[in-house]
Amino acid sequence: MAAIYQAVYRRASSLICRLHSTYVRKMRYLNVLKEDDSLCRQAQTSGTFYLFHNLSPFLQKVGEKYFVPQLSAAEIKRILEKFKETEQWIEKSVLIGCSDEHIPHFALDLGALEKSVIESQLKGSFTNLQKALFVVDGKDSPLLASAQSLLQWHNSHQYCSKTGQPTQRNTAGSKRVCHASGITYYPQMSPVIITLVSDGSRCLLARQPSFPQGMYSALSGFCDMGENVEEAVHREVAEEVGLEVESLWYSASQHWPFPSSCLMIACHALVRAQQAEISMNKLELEEAHWFGLEEIMEGLKRQPRSAKQNDGSFLPWFPPKQAIAHQLICEWVKQQTSQLA
Ligand SMILES: NC(=O)C1=CN([C@@H]2O[C@H](COP(=O)(O)OP(=O)(O)OC[C@H]3O[C@@H](n4cnc5c(N)ncnc54)[C@H](OP(=O)(O)O)[C@@H]3O)[C@@H](O)[C@H]2O)C=CC1
Ligand SMILES: [Mg+2]
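Named according to an unreviewed UniProt entry, the protein is NAD(+) diphosphatase originating from Melopsittacus undulatus. Reading the Cofactor (unreviewed entry) entry of the UniProt record for the protein gives the comment "Mg(2+)".

Here's what the structure looks like:
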């Protein structure tokens, strides 16, 4: 039966090949892997694997550069053999994407096995995600972030919240089902708005007590139940700095894995210059200031280390380019400089 099914799939995909672009074929292939457990199990034997250990990704350092190695199923089996574990472990992996040539990519957490043994066999180290995202190549960080978020979601959704019974995952790891209640659980993201407020000539940046010293960012906050993006922006700006947004526009979005899978929706917002006095909410923020164009341009040049002064205090610096807050600040600078030109 499986053989007939696979033959039909191969025939159908060869027809699709002739009709669609590489991107469309790739997305269709991934979709089929999510729906078809036996095909996905087969794909695991020819796929590549990103390794994690208790949610920390495995990286290799060559010179000053960090790489995210993709291991073959054979290499994974060799590690498992070392621990006298069976290859059934591979079934714990989750599907995270595929190459243009339809080589599927999986993420696998070997957290139950001794970390140092794997590290010395593969000549690399499991690195905290927060560090990893900022040292790997830009194209690898979204992949690491979404892989870790999916693994984390499976860790925290082992049981049905209605019946308390264990939930079962599909092979791709794109959902979990409670057979007692019939409820299907899908991986979740929390929508979060992030807004760069401007009064026309200055922009507003703030610090939360948990931020690294000297770092200022745009205002952010989780969307409330039932709220749309516009309402969330208006509310968060009012709550955090006591200002009323006059107009706003969408810029871009980003998946952010901290604390657990947020969908950051980035916007610019304008307040009236005559009504721009900040009334900061001290429960959420420790500082909030208006910054002029020059101060922002200086801040963008600073790194955390160069921001530290001799007396131990810090000059303002801003989130690194991997964070969408950075993109908002750069867009504001571009808009201001084009107005001046
Ligand atoms: N990529 C980027 O450029 C940036 C990303 N961010 C991210 O944005 C996110 C939200 O920013 P933040 O300003 O802290 O949000 P908020 O201003 O909404 O405040 C956070 C507080 O809201 C409560 N809360 C409400 N809903 C949730 C939920 N679904 N999950 C967790 N907490 C919730 C929690 O309070 P309590 O626990 O007391 O109930 C939490 O401490 C953070 O995860 C942060 O990492 C922020 C800035 C830049
Ligand atoms: Mg906030």
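Caption draft 1: Just the coordination of the magnesium ion (ligand 2), in detail. Summarising the metal site, the magnesium ion (ligand 2) is bound by the protein donors S220 (O) and E240 (OE), whose distances to it range over 2.2 to 2.3 Å. With a gap of 20 residues between them, S220 in strand β13 (residues 219–222) and E240 in helix α8 (residues 229–241) connect regions that are remote in the sequence.

Caption draft 2: Main features of the domain arrangement of the protein. Taken as a whole, the protein is organised into domain 1 (2–155) and domain 2 (190–340). Taking only C-alpha atoms into account, the centre of domain 1 sits 35 Å from that of domain 2. In this assembly, 10 residues from domain 1 lie in contact with nine residues from domain 2. Roughly 710 Å² of surface becomes buried between domain 1 and domain 2 when both sides are summed, with 68% attributable to carbon and sulfur atoms. Along the contact surface separating domain 1 from domain 2 lie zero salt bridges. Our enumeration of links across domain 1 and domain 2 arrives at two residue pairs in polar contact (both at pLDDT 80 or more). Residue assignment for the side of domain 1 that touches domain 2 shows that the elements contributing at least two residues are α6 (129–135) and α7 (141–155). Counting residues per element, the side of domain 1 that touches domain 2 draws most heavily on α7, which supplies six residues. Here the residues of the side of domain 1 that touches domain 2 are counted per class, giving four nonpolar, six polar and no charged.

Caption draft 3: Local environment of the site of ligand 1. Looking at ligand 1, there are 20 residues lining it, with Q208, S220, F222, E240 and F258 nearest. Measuring from an oxygen atom of ligand 1, one finds a side-chain N or O atom of E284 at 3.2 Å. Here an oxygen atom of ligand 1 and a backbone polar atom of A325 are 3.0 Å apart. The fraction of the free accessible surface of ligand 1 (930 Å²) that becomes covered by protein chains is 57%.

Caption draft 4: Representation of the packing of aromatic side chains in the model. What the rule picks out here adds up to five aromatic pairs. Centroid distance W256 to F258: 5.5 Å. Interplanar angle 80°. Geometry classified as edge-to-face. Exposure remark for F258: the relative accessible area of 18% places this residue in the buried category. Taken together, the aromatic side chains of Y216, F291 and F318 make up a single cluster linked through ring pairs. In this structure, K92 is placed above the aromatic ring of W89, and the distance from its NZ or CZ to the ring centre is 4.9 Å.

Caption draft 5: Layout of the nonpolar core. Counting 41 residues, the largest nonpolar core has L144, I194, L196, L205 and I296 as the members making the most contacts within it. Considering each element in turn, this core owes the most residues, six residues, to helix α10 (residues 324–340). Lining this core are residues from two domains, each supplying at least three of them: domain 1 (2–155) and domain 2 (190–340). For I194, the contacting residues outside a window of four places in its chain are S217, A218, L219, S220, M264, I265, A266, C267, I324, A325 and L328. One finds I79, F83, C98 and F106 within the second-largest nonpolar core, a separate group that totals 27 residues.

Caption draft 6: Geometry of the sheet that holds strand β9 (residues 176–177). Spatially, the three strands line up as an open sheet ordered β8-β9-β10, and their pairing is antiparallel. Only two strands of the sheet have a single partner each, and these edge strands are β8 (168–169) and β10 (184–185). Relative to β10, β9 is paired through two bridges, and the arrangement is antiparallel. Each residue of the ladder has a partner; that of V177, found in β10, is T184.

Caption draft 7: Focus on the environment of L219. Tracing the backbone through its elements, the reader meets L219 in strand β13. Residue L219 is classed as buried on the basis of its relative accessible area of 2%. For L219 and I193, which are 26 residues apart along the polypeptide, the C-alpha to C-alpha distance reads 8.2 Å. With residues up to four places along the chain from it excluded, the contact list for L219 reads I193, I194, T195, V197, L204, A206, V237, E240, V241 and L285.

What counts, and where the lines are drawn
Per chain, residues are indexed from 1 in the order of the written sequence. Whichever chain is written first is A, and whichever ligand is written first is 1; the rest continue in order. For a predicted model such as this one, the threshold for reporting local features is a pLDDT of at least 70, and the threshold for listing and counting side-chain atom pairs is 80 or more; totals across whole chains, interfaces and linings nevertheless cover every residue. Values reported for side chains reflect all heavy atoms of the structure, with hydrogen atoms and water molecules removed beforehand. UniProt positions are given in the numbering used here, feature names are shortened, and annotations may be inferred rather than shown by experiment. Counted as coordinating are nitrogen, oxygen and sulfur atoms within 2.8 Å of the metal, or 3.2 Å for Na, K and Ca, while water is not included, which may make sites look incomplete. Starting at the N terminus, helices and strands are each numbered in turn, a helix being any DSSP run of H or I of at least four residues and a strand any DSSP run of E of at least two. What counts as a domain boundary in this text is fixed by an automatic or database domain assignment. Here, two residues are considered to be in contact whenever any of their heavy atoms come within 4.5 Å of each other. We define buried area as the total accessible area lost by two parts upon association, computed with a 1.4 Å probe and summed across both. One side-chain nitrogen of Lys or Arg within 4 Å of one carboxyl oxygen of Asp or Glu is enough to make a salt bridge. The term polar contact refers here to a pair of N or O atoms within 3.5 Å; inside protein, the definition further demands a hydrogen-donor-capable atom paired with an acceptor-capable atom, and it admits residues adjacent in sequence only when both atoms are side-chain atoms. Classification used: nonpolar for Ala, Val, Leu, Ile, Met, Phe, Trp, Tyr, Cys and Pro, charged for Asp, Glu, Lys and Arg, polar for all others including Gly. We call a residue near a molecule or strand when any one of its heavy atoms sits within 4 Å of it. Throughout, the Shrake-Rupley method with a 1.4 Å probe supplies accessible areas, and for residues the shown protein chains are the sole cover considered. Two rings from Phe, Tyr or Trp (for Trp, the six-membered ring) form a pair when their centres sit within 6.5 Å of each other. Planes less than 30 degrees apart are called stacked, planes more than 60 degrees apart edge-to-face, and all others tilted. Burial here depends on accessible area, computed with a 1.4 Å probe over protein chains only, as a share of the maximum for the residue type. Under 20% is buried, over 50% is exposed, and the range in between is partly exposed. In this analysis the charged atom, NZ for Lys or CZ for Arg, is taken to sit over a ring once it is within 6 Å of the ring centre and within 35 degrees of the ring normal. Nonpolar core, defined: a set of buried Ala, Val, Leu, Ile, Met, Phe, Trp, Tyr and Cys residues in which side-chain atoms within 4.5 Å join the residues together. Each pair of strands is called paired provided DSSP finds at least two bridges between the two strands.

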